[in-house]
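Coordinate analysis (summary)
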Amino acid sequence: MSVSVLGVRHHGPGSARAVRRELERLRPDVILIEGPPEADALVTHAPGLEPPVALLAHVPGAPAWAAFWPFAEFSPEWQAIRYGTSAGVPVRFCDLPAAHSLADAPPDADPGGPEPGTEPPGTAAPEGEAAGPDGAAVTGMRGDPIGALAGAAGYDDPERWWEDVVEHRGGDTPFEVIAEAMAAVREGYRPDEREARREAYMRKTLRAAIKQGFGRIAVVCGAWHVPALTGPLPSVTADNAVLRGLPKVKAELTWVPWTYGRLASWSGYGAGITSPGWYHHLFDTPDRPVERWLAAAAAVLRDEGLAVSSAHVIESVRLAGSLAALRGRPLAGLGEVTEAARAVLCEGDDLAVELIQRRMVVGDRLGHVSDGTPMVPLQRDLRERQRRLKLRPEALDREIDLDLRKPLDLDRSHLLHRLRLLGVGWGTPVRARGKGTFRETWTLQWRPEHDLALIEHAALGTTVPSAAAQRARDLAGAPSATLADLTSLVEQCLLADLPQALPGVLAALSAKAALDTDVTHLMAALPAMVRAHRYGDVRGTSADGLAVIVRSMLERICVGLPVAVTGLDDDAAADLLKHVDAVHSAVALLTDPPENTSPRRTTAPETAPSEETAAPEGAGPEERAASGAPPSGVARSDVVEEAGSAVSPRGRWMGTLRGISDRQDLHGLIEGRLTRILLDSGELDDAGDRMSRAMSRGQAPARAAAWVEGFLSGGGLLLVHDPRLLGLVDDWLTGLSGEQFIDVLPLLRRTFGGFAAPERRSIGERLRSAGRDDADREQDVDEHRAAAAVATVLSIIGGTDG
């Protein structure tokens, strides 16, 4: 019986290559790998996987309790798995089970990163503790043990020492030397409770393999743990005492795709390496890696239109080799290669260096798992939809434009909106550059944590539509849901084409709107409701009952707005005007009801309550909403009667604004803005008189300035095309005293500064032209009457009469 413990650096290309060679030489009967033993059954799926991939461990029903164990092509553990599956050698994991390590993880932890006690291979040590070559925490030691070895060898960078001694060696990794060095560093060291449990379980697994009769055993683990598995070992009784009474939860494991961006420490997941793309290159290209790397970097720069010749590549290779020789390195590392690329290929351009960093040093590789990998039904359904809709998950940002008039693009839009409702932010909508409602732009980027979100919501349904619909129902039924939340949810349901969830959400919205007496809440919610109704029209989505709630909310706004505009200060007036503008824009999108000669007090079929859904007599808002009945005070027959009458939503809204604008107690900002809205809508023919009154000498300059700010907030073209209004503003400004002008100047600068540059230029030209006309009128004199005076002046100055 022989046991070979191979100490490695996780995600090390030199270690991975050496492990593969050593396993081919040893030909073990079983291979033990650092990792959760619940994943033993998943090893058989490894041949169908395309790294980078990760083992995902999670607690069903508690998705925050999760951890990842990522593997790349250049990971020593992955090479050991590939060797075992190809040679028919059993592969087992020997670290602390995920059922125990996840039990120690905080339930509110970030699922995107490692948890204490569940660090995947190569994760960074907790803050404030030193880290070994495998990322294991070194508690109770001063400094980094690898740093101590590097310092003894004359290196000031532990990472560079490890690369020179292990990763860049031309021959095999000296596993015996590494074990001896780690034993010296760990002499007198006592592991903390977490690490002691991990190493005790490793020894327990090793003893079990020996007891089962395996003659040649190979253990692949972080170099830091080698002394704990070799030499004099603690007794079985001692290890059992360490493992006794461990907390335990139910854990499930599966394979999920990973990315090099997540493998790099700069992405927020400290996996121990900052250059996965470089390490992948070193593993795949053992022959002339520097030359091939710089040639590939030149190709990347050429793709971006930069002029890089073969001579540049030759000179950069020479420079990298010279730097390595000056620094006493066996091979030019990433530092030397980057400096050579910066000086020669990029000619000192930092943007070009950043391009190489992102494309090559980190890389955009996204792993892939086979269809036979254990998945929840929701994951399988999404994969099938991605295949059918030709939306391939990618690690880099990719922008797509969707034309909602095309069935394929409409289905893509539905899928992306449904996933956003499930918390899967694969697609991020981009603000549209035009005003068309039939086009959408998305930025797509797949991240590994999206699989965790799908697992989290797996209990909601087996397909993406059913899960998204149930998620919408759950959100609508949440006690903490506000009116704004519910209106946004209605919009999401229509965008995601979830008609099965819409009735429940509308019922919750109706109940909430009936109870909410704050008119600003209703004004903030109405625009989203109107957009939802319009999206339903454009997308062909039914939005039965939505118009009823929109009309009810608008009616409540019109009733409550006159009270809301009373006694406002400057800040409150500015906030209210934002809501007024939003509601005004939303009302413009509402279609007027058809005019009927005789209103009918009948109920529309699509909104009529059935006997089952009719609200009981005396029911409150919640019961009426749950039964599908309209809010209290808004009977269905009344709504239909109003729809058949001549009063349109626009007429009701403009009548409310006209009534408010005639009041004398309004804030100047609100009065000016309402005057402008009514003028632009063709509802006023005395705007000039109103402006004259607002800027008369009897008004305080500050209020007049606020009135002008509100009036002109819609744009400055009105002053360009209406000379009378421009003259009124000009006369008011020129009539101010110096002190008054200084007081109102900040408001005026804010008002006119919001105009577009062509508008300001046109206003200035109008004023200058008006000034010239006044000067011309002043110079218009009677030449006959002035002839005598001109002759006298000419005689005085010695001139002649021309």
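Coordinates for the structure precede this section.
These figures come from a predicted structure and were not determined experimentally.

A few words on the packing of helix α27 (residues 649–661) against helix α28 (residues 668–680). The relative placement of two packed helices comes down to the angle between their axes together with the axis-to-axis distance. Where α27 meets α28, the axes come as close as 10 Å, and the angle between the chain directions of the two elements is 135°. Considering the angle they form, α27 stands oblique to α28. As α27 packs across α28, the resulting crossing turns out to be left-handed. In this structure, α27 uses Met 654, Leu 657, Arg 658, Ile 660 and Ser 661 to contact α28, whose residues at the interface are Glu 671, Leu 674, Ile 677 and Leu 678. Classifying every residue of the contact of α27 with α28 by side-chain character gives six nonpolar, one polar and two charged.

This part takes up the sheet that holds strand β11 (residues 427–430). Taken in spatial order, the three strands make up an open sheet running β10-β12-β11, and their pairing is antiparallel. Among the strands making up the open sheet, the edge pair consists of β10 (398–403) and β11. In this sheet, neighbouring strand axes are inclined to one another by 30° on average, regardless of whether the strands run parallel or antiparallel. Note: β11 against strand β12 (residues 439–444), four bridges, orientation antiparallel. Within β12, the position partnered with Gly 427 by the bridge is Leu 444.

Take the sheet that holds strand β1 (residues 2–8) next. The parallel open sheet is built from four strands, whose spatial order is β1-β8-β2-β5. The open sheet has two edge strands, β1 and β5 (91–93), and neither has a second partner. Recorded for the sheet is a direction-independent mean angle of 20° between the axes of neighbouring strands. Of the strand pairs in this sheet, strand β2 (residues 30–33) and β5 are connected by three bridges, and their pairing is parallel. The residue of β5 that forms the bridge with Leu 32 is Arg 92. In the packing of helix α1 (residues 13–26) onto the sheet, contacts are made with β1, β2 and β8 (216–222), and the angle to β1 comes to roughly 170°. On the sheet, helix α2 (residues 76–87) packs against β1, β2, β5 and β8 and is oriented at approximately 155° with respect to β2.

A contiguous patch of negative charge on the surface is contributed by Asp 569, Asp 570, Asp 571 and Asp 575. Summarising the element assignment, Asp 571 is placed in helix α24 (residues 570–589). Using a relative accessible area of 59% as the deciding quantity, one classes Asp 571 as exposed.

With respect to burial, β8 is a largely interior element, six of its seven residues being buried. As paired elements, β1 and β8 share seven bridges and run parallel to each other. Pairing of Leu 6 across the sheet is with Val 220, part of β8. Pairing of β2 with β8 involves four bridges; the strand directions are parallel. Considered in β8, the bridge of Val 30 is made with Ile 217.

The next subject is the packing of aromatic side chains. Aromatic rings in a pair are described by how distant their centres are and how their planes are angled relative to each other. For the coordinates displayed, the defined rule picks out nine aromatic pairs. Ring centres of Trp 426 and Trp 446 lie 5.7 Å apart, and the angle between their planes is 80°; on these two criteria the pair is classed as edge-to-face. Of this pair, Trp 426 sits in the loop between α17 (407–421) and β11 while Trp 446 sits in the loop between β12 and α18 (449–456), and the two are 20 residues apart along the sequence. In textbook terms, an aromatic cluster arises when at least three aromatic residues are bridged by ring pairs, as seen for Phe 71, Trp 78 and Trp 255. A cation sits over an aromatic face here: Arg 186 above Trp 224, 4.9 Å from the ring centre.

Calculation rules
- Residues numbered from 1 in each chain as written.
- Predicted model: local features only at pLDDT ≥ 70, side-chain atom pairs only at ≥ 80, totals over all residues.
- Heavy atoms only, no water.
- Axes fitted to C-alpha atoms, helices over the stretch in contact; angles between N-to-C directions.
- Helix = DSSP H or I, 4+ residues; strand = E, 2+ residues; numbered from the N terminus.
- Parallel < 35°, antiparallel > 145°, perpendicular 65-115°, else oblique.
- Left-handed = near helix turned anticlockwise from the far one by under 90°.
- Contact = heavy atoms within 4.5 Å.
- Nonpolar A, V, L, I, M, F, W, Y, C, P; charged D, E, K, R; others polar.
- Pairing = 2+ DSSP bridges.
- Patch = residues over 30% accessible without salt bridge, like charges linked within 9 Å, V, L, I, M, F, W, Y side chains within 5 Å.
- Areas by Shrake-Rupley, 256 points an atom, 1.4 Å probe, with all protein chains shown as cover.
- Salt bridge = Lys/Arg side-chain N within 4 Å of Asp/Glu carboxyl O.
- Lys, Arg positive; Asp, Glu negative; His and termini not counted.
- Charge placed at Lys NZ, Arg CZ, Asp CG, Glu CD.
- Buried < 20%, exposed > 50% of the residue type's maximum accessible area, 1.4 Å probe, protein only.
- Phe/Tyr/Trp six-rings, centres within 6.5 Å; stacked < 30°, edge-to-face > 60°.
- Lys NZ or Arg CZ within 6 Å of the ring centre and 35° of its normal.

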